[in-house]
Amino acid sequence: MPLKPSHVFRPFTLLSAALFLSLSLAATAQSSSSTSNPDAPAEQQNANPALRPRAAQIEQGGAAVTLETNEPLFDMGAALNACGYDADLDKSAPVRAAVRADMNTALAASPDARESRDALCAYVALHHLNDAGLNVGQYVSLALYLSPPPSLTPNLDETELPPQAAQVVNILPLLRTFAEDVDLHFIWVHHRAEYEALQARVHDPMVHAVLDTNIYLHQPVSSYDGRRFLVLLEPMLSPSLINARIYGGDYIIVMSPDNSTGVPVPMEQIRHIYLHYVVEPMVYSRGSAMERIQPMLRGVQDAPLEFFYKSDVVALMTECLIKAIEAHMFLISTPPPAKPKSKERADVEQYAALRDLYDRQTAQQRQALVDTDEKQGWVLTGYFYQTLGQMGRNGDGLRDEIAPMIYGMDVDRERRHAEEIIFAKTVPADPLRPSTAPRKIEGMDLAELDLMKGKPDEAADIAEKTLADPKTDHARARYVLARIDLMQGNPEKAIQGFEQTIALSKDPRTLAWSHIYLGRLYDMQAPIPDREKAIAEYQAAEAVRDSLPDTKKAAEAGIAKPFAPPQRAPQPSTDDKDFDPTGKSEKDSYKPPAPKP
């Protein structure tokens, strides 16, 4: 939704004129030639409006800064979830689980839908990347260029798509078939109100973040000039994964809301990419000064930065300037003292003392942020922090001060300063390069691992603790406990556990394998197997199964014939019939052979 009063959100029709102007802003500087995104095509896309992502194309009279949702992105996210993409599911907004439940219902009712899902997921598995951020990022990149359903076709020739998108473009026929078979458009429309409610929670904080940034930078109001800053919300992705894209003049950030009660997305990340949108054109238009600043790169070769920042002084300087702006805009958690209504001397003096304390604490924490940034390799942050302070005292804006900041830099002094810094070992993830931290094995993941290692007691302990917490995944805990009961020779209790799992779970794999285990137990039931019940369970597994081939194979095998546990091969006899208690044979074996005649 554009952050202005004329769009979908009727509750926000009373936005002030100031907010409307600030969010219609497009920087008046020259177009950015940034290459800070490895996904950007070689040629600048703002030189040809037809080459921009379809998601970034603006309707006549549209705003340059917008907050939206996007149906092709929803379809892609939903497809990934159908193929087992569960990252941070427990932290996601509730609509993600609701959409997954609707897809599972459609899949259970349609063999054709399950077949199209399996084909789609086989493609996803074949194109899996080890880096979780890049793995999801390739599909996000493609979705930004797609037309609305049912066509879901790129608005560019395949040769002009970003490399990430081009490498998975052949998923589109499979995605179209899957979307049709499960009726994804109906699911999208059905949950539209939930998407709009999430937009509503992000709208006002984003308005204030953009407006506060513009006020600090003295950024002038301007009409749309062909550049765009777009925030897309997609709850079907992991809340911890931020996908930011810079395609020519289009700055796009894809975020997934979490299930918190406050602002559901990290607003500081939105502001960070917005600062790239504002600052980069100003920096890149001073290209003539960059050769003089090139020696700064020698001071960051030992820093924990990506090679990109160690080899591109413009990117390094831009990021340092942005971090300096963020430090100046940082506010401590303690609220500022309220100005007294009375003019009594004692009240005025007390307010002045409290304000002075607040300002000193704020300054200390801002300087601490600058020090941390420099230790992480952003070695020009301190320089820009000082010059921005002078800008604030002069009452000037960044557009007026950017040239003196760059051309007036004492490069040798800043390089020596950089070489004296003791760098940290790691840096936070860069939102312009989607990545995720390795998944921490805890909770029920750890229980599953213990079960695989043959530690049922440890797994059971974790599962029992999970059941004691009303906010955790009870279905998965029941599933683990049921398998432990089965391992320990308690089939009656295992049957009860699998039935409880089926009643609680919404996960296709957990449901399918619970039915498969029940079918096998009925096939082996003593004294008389119940084949009819077993077949019913296998058929239920086939209907609710996930896309992995082992589930389908197990369900079809159970329907074809009764399950029989694998039999161990007979072991060779180890009795002692040839044992010589006198040891004479062993002694004789050590005797030398008799001499030849």
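Residues numbered from 1 in each chain as written. Predicted model: local features only at pLDDT ≥ 70, side-chain atom pairs only at ≥ 80, totals over all residues. Heavy atoms only, no water.

### Quick notes on the packing of helix H10 (residues 267–284) against helix H13 (residues 313–329)
For clarity, the threshold we go by: For helices, the axis comes from a line fit to the C-alpha atoms of the stretch in contact; other axes are also lines fit to C-alpha atoms, and the angle between any two N-to-C directions lies between 0 and 180 degrees. Every helix listed is a DSSP run of H or I at least four residues long, and every strand listed is a run of E at least two residues long, numbered separately from the N terminus. In what follows, roughly perpendicular refers to angles from 65 to 115 degrees, roughly parallel to angles under 35, roughly antiparallel to angles over 145, and oblique to any angle outside these ranges. Each crossing gets its hand from how the near helix is turned against the far one by less than a right angle, where anticlockwise is left-handed and clockwise is right-handed. Throughout, a contact is declared for two residues whenever any of their heavy atoms are within 4.5 Å. Note on residue classes: Ala, Val, Leu, Ile, Met, Phe, Trp, Tyr, Cys and Pro are nonpolar, Asp, Glu, Lys and Arg are charged, and everything else, Gly too, is polar.
Taken N-terminus to C-terminus, the directions of H10 and H13 make an angle of 130 degrees; their axes are 9 Å apart at the nearest point. Comparing their axes, H13 and H10 come out oblique. Every pair of crossing elements has a handedness; the one defined by H10 and H13 is right-handed. Residue-level inspection shows Glu 268, Arg 271, His 272, Leu 275, His 276, Val 279, Glu 280, Val 283 and Tyr 284 of H10 in contact with H13, the latter providing Val 314, Ala 315, Met 317, Thr 318, Glu 319, Leu 321, Ile 322, Ile 325, Glu 326 and Met 329. Class assignment for the residues of the contact of H10 with H13 results in eleven nonpolar, three polar and five charged.

### Some points on the side chain of Lys 323
Under the convention used in this document: Think of it in three bands: residues with accessible area under 20% of the maximum for their type are buried, residues over 50% are exposed, and the middle band is partly exposed, with areas taken using a 1.4 Å probe on protein chains only. The charge count treats Lys and Arg as positive and Asp and Glu as negative. His and the chain ends do not count. Salt bridge, as used here, is a side-chain nitrogen of Lys or Arg placed within 4 Å of a carboxyl oxygen of Asp or Glu.
Along the chain, Lys 323 falls in helix H13. For the buried residue Lys 323, which engages in no salt bridge, the nearest side chain bearing the opposite charge is Glu 319, 4.2 Å off. The contact partners of Lys 323, leaving out residues within four places of it in the chain, are Asp 373, Trp 378 and Thr 381.

### Quick notes on the pairing of strand E1 (residues 65–68)
Threshold: In this description, strands pair whenever DSSP reports at least two bridges between them.
Side chains Val 65 and Leu 67 project from E1 onto one buried face, and the interleaved Thr 66 and Glu 68 project onto a second face that is buried too. Here E1 pairs with strand E2 (residues 228–233) via four bridges, running parallel. Paired with Val 65 across the two strands is Phe 229, which belongs to E2.

### Thoughts on the state of the cysteines
Just so we agree on the cut-off: For this text, the term disulfide refers to a pair of cysteine sulfurs within 2.5 Å.
For the structure on display, the rule yields one disulfide. Two residues share a disulfide in this structure: Cys 83 and Cys 121, whose sulfurs sit 2.0 Å from each other. Given an S-S torsion of about -85 degrees, the disulfide between Cys 83 and Cys 121 has left-handed geometry. Linking Cys 83 in the loop between helix H2 (71–82) and helix H3 (94–109) with Cys 121 in helix H4 (residues 111–126), this pair joins segments that are 38 residues apart in sequence. By relative accessible area, which is 19% here, Cys 83 ends up buried.

### Quick word on the confidence of the model for the protein chain
In plain terms, the rule: Confidence per residue, as judged by the predictor, is encoded in pLDDT with a range of 0 to 100.
The predicted model of the protein chain averages 85 in pLDDT, with 83% of residues at 70 or higher. Within the model, pLDDT remains below 50 along residues 4–47, and this stretch shows 117 contacts once partners closer than five positions in the same chain are excluded.

### Describing the packing of helix H15 (residues 381–394) against helix H16 (residues 398–407)
Packing of H15 against H16 leaves a shortest axis separation of 11 Å and a crossing angle of 135 degrees. The orientation of H15 with respect to H16, classified from their angle, is oblique. As H15 runs across H16, the sense of the crossing is right-handed. Counted together, Tyr 383, Phe 384, Thr 387, Leu 388 and Met 391 of H15 and Leu 398, Glu 401, Pro 404 and Met 405 of H16 form the full contact between these two elements. Of the residues belonging to the contact of H15 with H16, the class tally is seven nonpolar, one polar and one charged.

### Comments concerning the nonpolar core
Using the following cut-off: Note on terminology: a nonpolar core comprises buried Ala, Val, Leu, Ile, Met, Phe, Trp, Tyr and Cys residues joined through side-chain atoms within 4.5 Å.
If you look at the biggest cluster of nonpolar residues, it comprises 70 residues, and the most contacted ones within it are Met 206, Phe 229, Ile 325, Phe 384 and Leu 398. Residues Ala 82, Leu 146, Val 168 and Leu 172 belong to the second largest nonpolar core, which totals 54 residues.

### Describing the pattern of salt bridges
With the rule as written, the count across this model stands at 20 salt bridges. Between Glu 414 and Arg 413 there is a salt bridge; the shortest N-O distance is 3.7 Å. You can call Glu 414 buried: its relative accessible area is 7%. Since its relative accessible area comes to 45%, Arg 413 is described here as partly exposed. Across the pair Glu 448 and Arg 483 runs a salt bridge whose closest N-O atoms are separated by 3.0 Å. Taken together, the residues Glu 448 in helix H18 (residues 443–452) and Arg 483 in helix H20 (residues 474–487) connect sequence positions 35 residues apart. A relative accessible area of 16% places Arg 483 in the buried class.

### Thoughts on the environment of Leu 369
Tracing the backbone through its elements, the reader meets Leu 369 in helix H14 (residues 345–375). On a C-alpha basis, the gap between Leu 369 and Ala 324 in space is 8.9 Å, while along the polypeptide they are 45 residues apart. Those residues in contact with Leu 369 that sit more than four places away from it in its chain are Ala 327 and Phe 330.

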